Amino acid sequence: MQRDTQIFDLIDQELDRQRHGIELIASENFTSLQVMQAMGTVPTNKYAEGYPGKRYYGGCEIVDQIETLAIERLKKVFNASWANVQPHSGASANAAVFLACVKPGDKVLGLDLSMGGHLTHGSPANFSGKNYEAIFYGVKKETGLVDYDQLEEKALKEKPKMIICGASAYSRDWDYKRIREVADKIGAIVFADIAHPAGLIAKGLLNDPFDHCHVISSTTHKTLRGPRGGIIMLRHDFENTWGVKDPKGNTRTMSQLLDLAVFPGTQGGPLEHVIAAKAISFGEILTDDFTKYAKQVISNAQAMAKAFVSRGYDLISNGTDNHLMLIDLRNKNLTGKKAQETLDKAHITLNKNAVPFDDKSPFVTSGIRVGVPAVTTRGMNESDMETVVSMIDKVLTNIDDEKVIADVKADVKQFMQKFPLYPEL
Ligand SMILES: *Cc1c(COP(=O)(O)O)cnc(C)c1O
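Since we're looking at a predicted model, the values are computed, not measured.

(A) Fine view of the pattern of salt bridges. Enumeration according to the criterion identifies 27 salt bridges in this entry. Two residues, Lys107 and Glu158, come together in a salt bridge whose shortest N-O distance is 2.8 Å. Pair noted here: Lys107 is in strand S5 (residues 107-111) and Glu158 is in helix H6 (residues 148-158), with a separation of 51 residues, a long-range link. For Lys107, a relative accessible area of 21% gives the class partly exposed.

(B) Spatial organisation of the packing of aromatic side chains. Counted by the stated rule, this structure contains 9 aromatic pairs. When the centroid spacing of 5.7 Å and the interplanar angle of 65° are considered together, the rings of Tyr56 and Phe263 count as edge-to-face. With Tyr56 in the loop between strand S3 (54-55) and helix H3 (61-78) and Phe263 in helix H9 (residues 254-266), the pair connects residues that are 207 residues apart, well separated along the chain. By relative accessible area, Tyr56 is classed as exposed at 64%. Note on Phe263: relative accessible area 10%, which makes it buried. Pairwise contacts between aromatic rings join Phe98, Phe127 and Tyr132 into one cluster. Across the ring face of Phe357, the terminal group of Lys141 is positioned such that the distance to the ring centre comes to 5.2 Å.

(C) Looking closely at the sheet that holds strand S9 (residues 215-219). Spatially, 7 strands are ordered S4-S10-S9-S8-S7-S5-S6 in an open sheet, and the strand pairing comes out mixed. Each end of this open sheet is capped by a strand with a single partner; those strands are strand S4 (82-84) and strand S6 (133-137). Across the sheet, the mean angle separating the axes of adjacent strands is 20° when strand polarity is ignored. Note: strand S7 (residues 162-165) against strand S8 (residues 189-193), 4 bridges, orientation parallel. Bridge pairing in S8 places Met162 opposite Ile189. Along the sheet, helix H4 (residues 90-101) makes contact with S5, S7, S8, S9 and strand S10 (230-234), crossing S9 at roughly 160°.

(D) Broad picture of the pairing of S7. The alternating pattern of S7 places Met162 and Ile164 on one face and Ile163 and Cys165 on the opposite face, and all of these are buried. Bridge count between S5 and S7: 2 bridges; the pairing is parallel. Bridge pairing links Val108 to Met162 in S7. The parallel pair S7 and S8, bridged by helix H7 (residues 176-186), forms a crossover whose chirality is right-handed.

(E) Summary view of the pairing of strand S15 (residues 367-371). Most of S15 sits out of view: 5 of its 5 residues are buried. Burial of the side chains of S15 extends over both faces: Gly367, Arg369 and Gly371 are buried on one face and Ile368 and Val370 on the other. Both strand S12 (residues 324-328) and S15 contribute to a ladder of 5 bridges, which runs antiparallel. Across the sheet, the residue bridging to Met325 is Val370, located in S15. Direction of pairing for strand S14 (residues 351-353) relative to S15: antiparallel, over a ladder of 3 bridges. By the bridge assignment, Asn353 is partnered in S15 with Gly367.

(F) Quick peek at the UniProt feature "site: Plays an important role in substrate specificity" (unreviewed entry) in the chain. Under the present numbering, the feature "site: Plays an important role in substrate specificity" (unreviewed entry) in UniProt falls on His221. Note on placement: His221 falls in the loop between S9 and S10. Using a relative accessible area of 12% as the deciding quantity, one classes His221 as buried. Within polar-contact distance, the side chain of His221 engages the backbone nitrogen of Gly229 at 3.1 Å.

(G) Spotlight on the sheet that holds strand S11 (residues 314-315). One open sheet holds the 4 strands; their spatial order is S11-S12-S15-S14, and the pairing between them is antiparallel. A strand with exactly one partner marks an edge of an open sheet, and here the two such strands are S11 and S14. Packing against the sheet, helix H11 (residues 288-310) makes contact with S11, S12 and S15, and its axis sits at approximately 15° to S12. Relative to the sheet, helix H12 (residues 336-345) contacts S14 and S15, its axis offset from that of S14 by approximately 175°.

(H) Molecular detail of the packing of H6 against H7. Running from N to C, H6 and H7 cross one another at 15°; their axes reach a closest spacing of 10 Å. Classified by the angle between their axes, H6 and H7 sit roughly parallel to one another. In this structure, H6 crosses over H7, and the sense of that crossing is right-handed. Contact with H6, carried on its side by Tyr148, Asp149, Leu151, Glu152, Ala155 and Leu156, involves Arg178, Ile179, Val182, Lys185 and Ile186 of H7 and no other residues of that element. Counted by class, the contact of H6 with H7 contains 7 nonpolar, no polar and 4 charged residues.

Conventions used here
Residues numbered from 1 in each chain as written. Predicted model: local features only at pLDDT ≥ 70, side-chain atom pairs only at ≥ 80, totals over all residues. Heavy atoms only, no water. Salt bridge = Lys/Arg side-chain N within 4 Å of Asp/Glu carboxyl O. Helix = DSSP H or I, 4+ residues; strand = E, 2+ residues; numbered from the N terminus. Buried < 20%, exposed > 50% of the residue type's maximum accessible area, 1.4 Å probe, protein only. Phe/Tyr/Trp six-rings, centres within 6.5 Å; stacked < 30°, edge-to-face > 60°. Lys NZ or Arg CZ within 6 Å of the ring centre and 35° of its normal. Pairing = 2+ DSSP bridges. Axes fitted to C-alpha atoms, helices over the stretch in contact; angles between N-to-C directions. Contact = heavy atoms within 4.5 Å. Right-handed = clockwise from strand over helix to strand, strands pointing away. UniProt positions renumbered as here; feature names shortened; annotations may be inferred. Polar contact = N/O pair within 3.5 Å; in protein donor to acceptor, adjacent residues only side chain to side chain. Parallel < 35°, antiparallel > 145°, perpendicular 65-115°, else oblique. Left-handed = near helix turned anticlockwise from the far one by under 90°. Nonpolar A, V, L, I, M, F, W, Y, C, P; charged D, E, K, R; others polar.

Encoded structure:
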């Protein structure tokens, strides 16, 4: 077959773009070479519907070993008692959690999307808002911190079946214990979606949700630095309280319901080549190198936050506990859209983001979200954060000056040569 140079040329161009730019999108990272290589391998050809030892197809003896290793390593990473590594993405993992834990029309309580929550936590545009009755809690206007009093008030009044915690644009840690105490008053399930900070939680650098939350989901490609995908985990398995029985009349446990919700509930065949890459990344997370990485992520985020504050930027909650920060640009007379688009021209990539109580549309927004997982993987330290912020500030304070933007773009390209990306490629 003729090699598809059209597509491979574009892939080369994307590698070049990733090498030369400063990547500050908080949800992105760079996998190791071996994680990436595993994704381009032959398990992609294999159908393996079902689970290790219980497949609907023959020839699964090797992929069974791959998937079993992925599960065992992941359980070790989070000290979990059960894990499912098949979800194709974070959104797919969450669809399965909803299917297992609540019935269509049931009430669920999540963090408002406009306050940092995720689409899959009840947004009207998403399955979670269309099939379930979603209500929301927010953050406090003065502090930018999750309003746990409001969460409790809404939970006691509305009695949701499930309370969802976790966010895509929240820079502070969570009080999982408090949420569980609220949930226990109304018999609700607590579902923690740790898609963003999972890599920091894995290393004990943030509060541990596993003892307080019934069900935990995550992506694998953000701070966990694995391939694009999703996972679901439990530390303590339990019988479902709504009495779903198996054919023998036994009450199904939560782990059984979750397995069934992933397959056949919401997915078909698993991506065993991606599961192989997940297994490799979980192995990497168990090393001391990853501990060092996760600690550096937090140090870099702190250094970056300090550098922004010293230049008069308005950080929501005044700082960060994790890998990201949310910046309100209204005091700089800028929109998130304008900032994102202009920084893009200088090859500094980040995303516009609504800030809590934003007065602009989600397409414009008043803020930007800035994260350090990817630049930390590139090898940057605290002093590099100062350099990065000075370049961002130069663009944002000369927002219509094409000459300055071109200068910064050249500076960025030269600066990034200090941080090689995939030199083997
Ligand atoms: C990124 C994210 C997801 C979704 O992950 P995808 O892999 O993009 O589907 C789900 N929940 C939260 C909180 C996220 O930040």
